[in-house]
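What follows is the residue order along each chain.
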Amino acid sequence: MSRLGGGSLLLAWQLTGKHVLIVGGGDVASGRIESVLAADARVTLISPSSGLHTLTKSFLNGPYNITYHDRLFGGVEDLAGVDLVLTAIDDVAQSRVICGLCRELKIPVNVADIPESCDFYFGSQIRDGPLQIMISTNGNSPKLANIIRKKVEQSLPEHAGDAITRVGELRVKLKERAPGVGGAIGKRRMRWMIDVCTSWEMEELALLDDQMIRRLLDDGWEKNAVPSPGELGARSFRQAYGAKQNLTAPDVFVTTLSFVAGAACAGLFLLARRR
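Figured I'd write up the structure that's included with this text. (Residues numbered from 1 in each chain as written. Predicted model: local features only at pLDDT ≥ 70, side-chain atom pairs only at ≥ 80, totals over all residues. Heavy atoms only, no water.)

**A few points about the nonpolar core**
Then, number 1: Formed by 20 residues in total, the largest nonpolar core has its most connected members in L170, W192, W200, L205, L208, L216 and L217.
Then, number 2: Among the elements of the structure, α5 (160-177), α6 (183-199), α7 (202-205) and α8 (210-221) are those that each provide at least two residues to this core.
Then, number 3: Considering each element in turn, this core owes the most residues, 5 residues, to α8.
Then, number 4: Each residue touching L208, except ones within four places of it in the same chain, is listed here: R166, W200, I213 and L216.
Then, number 5: Within the second largest apolar cluster, 18 residues are counted, among which are I33, V36, F59 and I66. (Core = buried A, V, L, I, M, F, W, Y, C linked by side-chain atoms within 4.5 Å. Buried < 20%, exposed > 50% of the residue type's maximum accessible area, 1.4 Å probe, protein only. Helix = DSSP H or I, 4+ residues; strand = E, 2+ residues; numbered from the N terminus. Contact = heavy atoms within 4.5 Å.)

**With respect to helix α1 (residues 27-38)**
Within an α-helix, residues lying three or four positions from one another point in the same direction, as the helix has 3.6 residues per turn.
Then, number 1: If you check α1, its first and last C-alpha atoms are 17 Å apart, about what 12 residues at 1.5 Å a residue would give, namely 16 Å.
Then, number 2: Buried within α1 we find A29, S30, R32, I33, V36 and L37. The buried residues of α1 occupy an angular sector of 160° when projected down its axis, which confines them to one face.
Then, number 3: Packed against the buried residues of α1 are β1 (19-23), β2 (42-46), α2 (54-60), β3 (66-69), β4 (84-87) and β5 (109-111).
Then, number 4: At the exit of α1 stands D40, carrying a positive phi of roughly 65°. (Expected span 1.5 Å × (residues − 1). Arc of directions from axis to C-beta.)

In structure tokens, the structure reads:
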């Protein structure tokens, strides 16, 4: 086992309703805006209008929770009530000043292109509905992170996001039917979900609908079994999506299907052991 250290703690940071200040409105800033809006943050943007990127303008004109100030950063008063700060401006000296103020106030900050002034990094991201994958080089090479992201994205199965969404809906319905945290019921619920995820293919999970979920709970959970999609009268993947499937897909496709499903179920198993 290699010695631990030198990495970053990768987290899925919940920003719903949090106040994020973004200083700068150019190309890099537009990507930052998109990322925090996708996480349902409340955004304040400070940037002269002359420096706004086209994408930034589209966000300002859209139905998003953004407060815009057409000016330069004004000082510590701009940090009042802020939970997170992102800067993406060409003024290195000013970026360092903002970073210093944030650290004095214990506000997490990211300064574009100055790794030592970052409390966290923006990795290269893949998103498919609820599925999010981040590739991080710990600030060493954003370009290589992007190249690696593309290779990973190409190997992911289609409709993985749909499968995760449907499994999430199944978990919610299962908790309604068998409520409780921990204990025997919690362990049984976790074990059954693991069995469903490992017994069904990713594309089959993507086909779950409300009727199938009810039948899966009635004929599966209630009877301590995991019926197959066919036993529930599921449509075939071809019928549902009308997509032409490649029956001689590369081995990497099959491997990735197993990896994603396996990783999700391993996580569920570990949670079960910790309870």
